[in-house]
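Structural features, examined
Below are the chains, spelled out letter by letter.
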Amino acid sequence: MQEHVFHSPLRYPGGKGGLADFVKAVIEANSLCDGDYVEVFAGGAGIAWALLFEEYVRRVHINDLSIPVMAFWRAVVGETEALCRLVQDTPVTMEVWSRQRAVQARLSEHSDLELAFSTFFLNRTNRSGILTGGVIGGKAQVGKWQLDARFNRPDLIRRIQRIARYSARIRLYNQDATHFVATVLPALPIRCLVYLDPPYFRKGQELYENHYQPSDHESLAQLIGSRVAQPWLVSYDAVPEIVALYASYPRLDYAISYSAQARYRGAEVLFHSKGLLVPCAWNPAAAKAGRTRATRFGAGVLEAFEAAGPSNNSLQATAPAAFTSVSLRSPSVRPAGVAPELNAGRRPTDVLP
Ligand SMILES: C[S@@+](CC[C@H](N)C(=O)[O-])C[C@H]1O[C@@H](n2cnc3c(N)ncnc32)[C@H](O)[C@@H]1O
């Protein structure tokens, strides 16, 4: 069984850290190593940290419209020590929780660091990490789990410090996605992978402070098609409205389990720019059975792995996150000259048994 490694200190409903191995394979297959990587709807940015730590990319660009979320990332890279001191020294109690809630209600009255810590504290103590959600264990703090259940100080401080070590290679933005796509992306190099993970079409309203209306999804799809010159990936909940918007692009279907509010197993979909080489997905059920499959990466390299058990974050391992931990960069496991398979809109029925 392989555990997904969590690099992000933030828990995120719909967090995509579990897709990191898939994105690494895409970067390799398309000769994008040592280039730039962009998260337009970054949230916890789990993929970006994995790519930096494992030296897949030179620079990461992190954008999110949320003021609290970006205040947190600014503190991680710019006020690391002060932030870690707060994480270390602040008692995790209901009284502190109420104070941190009050900070979010009056953003402009607080310093960046106060806002950053409040965001982190509520993210780690609220159910599913939702800033405006209920506290773990309820206000009465009765029940199996209490508000400190996900507040492992040494581990979280380690995650913050590790990201901070890469500060010089991290660019932060706090812009609306459409503005970012229209103004920032054109100035970035072509050797760059752009990942967009917009709020879910169906559940976005319940999960994120900033959510999208159907017309926003439509404008974004048009903008991506007309303005993004670099290779791109877009992930969504698999709903007919979204599939119709991206009908002219290659698509890959997969399933993801997450625990935002109620436990929910969702069908997700990933679209990508034409010409991008993307390894094909496989059936999580086959992965459970421990089967391996041959791909043009080389037989057995993309070995399906057993589904991981419940993790401390929202994403559980399913395809296409289900790559092995085998380093795809290693020449010993990827024979030279073996090109990855181009995914041409495969469905679950296309996967190997
Ligand atoms: C699905 S989540 C991203 C999760 C992220 N991929 C991760 O792994 O943690 C969507 C994110 O988009 C942000 N967002 C919503 N509307 C936005 C907009 N108009 N521009 C930029 N970001 C936006 C939300 O604040 C939220 O963090």
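Predicted model, so just to flag it, every value in this text is computed and none were measured.

Definitions and cut-offs
Residues numbered from 1 in each chain as written. Predicted model: local features only at pLDDT ≥ 70, side-chain atom pairs only at ≥ 80, totals over all residues. Helix = DSSP H or I, 4+ residues; strand = E, 2+ residues; numbered from the N terminus. Buried ≥ 20, exposed ≤ 12 C-beta atoms within 10 Å, placed from the backbone. Contact = placed C-beta atoms within 7 Å. Near = placed C-beta within 6 Å. Nonpolar A, V, L, I, M, F, W, Y, C, P; charged D, E, K, R; others polar. Pairing = 2+ DSSP bridges. pLDDT = per-residue confidence, 0-100. Axes fitted to C-alpha atoms, helices over the stretch in contact; angles between N-to-C directions. Parallel < 35°, antiparallel > 145°, perpendicular 65-115°, else oblique. Left-handed = near helix turned anticlockwise from the far one by under 90°. Core = buried A, V, L, I, M, F, W, Y, C linked by C-beta atoms within 7 Å. Domains from an automatic or database assignment. Expected span 1.5 Å × (residues − 1). Arc of directions from axis to C-beta.

Let's talk about the overall build of the protein
If you tally the helices and strands in the protein, you get twelve helices and seven strands. When burial is assessed residue by residue, the protein has 43% of its 353 residues classed as buried. Relative to all contacts within the protein whose residues are 6 or more apart in sequence, the contacts with residues 24 or more apart total 70%.

Regarding the site of the ligand
Surveying the vicinity of the ligand reveals 20 residues, the closest of which are Tyr12, Phe41, Gly43, Gly44 and Ala177. Within the shell around the ligand, the residues separate by chemical class into seven nonpolar, eight polar and five charged.

Structural notes on the pairing of strand S5 (residues 232-237)
Where burial is concerned, most of S5 is hidden: six out of the six residues are buried. In this sheet, S5 lies alongside strand S4 (residues 192-196) in parallel orientation, the contact comprising three bridges. Across the sheet, the residue bridging to Leu196 is Val234, located in S5.

Focus: the confidence of the model for the protein
Across the protein, pLDDT averages 79, with 73% of residues at or above 70. Here residues 282-353 is modelled with pLDDT under 50, and outside its nearest four sequence neighbours on either side it reaches 157 contacts, counting other chains as well.

A closer look at the packing of helix H4 (residues 80-89) against helix H6 (residues 112-125)
Contact geometry of H4 with H6 gives a least axis separation of 10 Å together with a crossing angle of 45°. Between H4 and H6, the interaxial angle falls into the category oblique. Note on packing geometry: the crossing formed by H4 with H6 is right-handed. Contacts between H4 and H6 pair Ala82, Leu83, Leu86 and Val87 from the former with Leu113, Ala116, Phe117 and Phe120 from the latter. For the contact of H4 with H6, the class distribution of residues is eight nonpolar, no polar and no charged.

Digging into the environment of Ile62
Summarising the element assignment, Ile62 is placed in strand S2 (residues 59-63). Of the residues examined, Ile62 has 24 C-beta atoms within 10 Å and is grouped as buried. Note: C-alpha distance between Ile62 and Ile170 (108 residues apart in sequence) is 7.4 Å. Other than its neighbours up to four places away in sequence, Ile62 contacts Glu39, Ala42, Ala45, Ala48, Trp73, Ile170, Leu172 and Tyr173.

Thoughts on the nonpolar core
Among the nonpolar cores identified, the biggest contains 72 residues, and Val23, Ile47, Ala48, Leu51, Phe72 and Val194 are the most heavily contacted of them. Looking at this core element by element, the count peaks at eight residues for helix H3 (residues 67-78). Three or more residues apiece are contributed to this core by two domains, here domain 1 (17-65 + 175-333) and domain 2 (78-160). Sequence-distant contacts of Val23, defined by excluding residues within four places in its chain, comprise Ile47, Leu51 and Tyr195.

Details of the environment of Asp36
Considering the arrangement of structural elements, one finds Asp36 in strand S1 (residues 36-39). Classification of Asp36 as buried rests on a count of 20 C-beta atoms within 10 Å. Asp36 sits 23 residues away from Arg59 along the chain, and the two C-alpha atoms are 4.9 Å apart. Ignoring anything within four residues of it in the chain, the contact list for Asp36 reads Val57, Arg58, Arg59, His61, Leu188, Pro189 and Cys192.

Concerning unusual backbone geometry
Here the phi dihedral of Asp34 falls at roughly 70°; this positive angle occurs in a residue that is not glycine. You will see that Gln141, though not glycine, has its phi angle at about 55°, which is positive. Along the chain, Gln141 turns up in the loop between H6 and helix H7 (153-164).

Considering the packing of helix H1 (residues 20-29) against helix H2 (residues 46-53)
Remark: H1 packs on H2, axes separated minimally by 9 Å, with the N-to-C direction vectors making an angle of 55°. Considering their axes alone, H1 and H2 lie oblique with respect to each other. The two elements H1 and H2 cross, and the hand of that crossing is right-handed. For the pair H1 and H2, contact is made by Ala20, Val23 and Lys24 and by Gly46, Ile47, Ala50 and Leu51, respectively. For the contact of H1 with H2, the class distribution of residues is five nonpolar, one polar and one charged.

Focus on the environment of Val103
Relative to the helices and strands, Val103 resides in helix H5 (residues 94-105). Not counting chain neighbours up to four residues away, the residues in contact with Val103 comprise His110, Glu114, Leu115 and Ser118.

Here we look at H5
An ideal rise of 1.5 Å per residue puts 16 Å on twelve residues; H5 measures up with 17 Å between its terminal C-alpha atoms. Those residues of H5 not exposed but buried are Trp97, Gln100 and Val103. For H5, the angular spread of the buried residues around the axis is 110°, confining them to a single face. For H5, the exposed residues set more than 90 degrees away from the buried face come down to Glu95, Ser98, Ala102 and Ala105. The inward-facing, buried residues of H5 abut H6.

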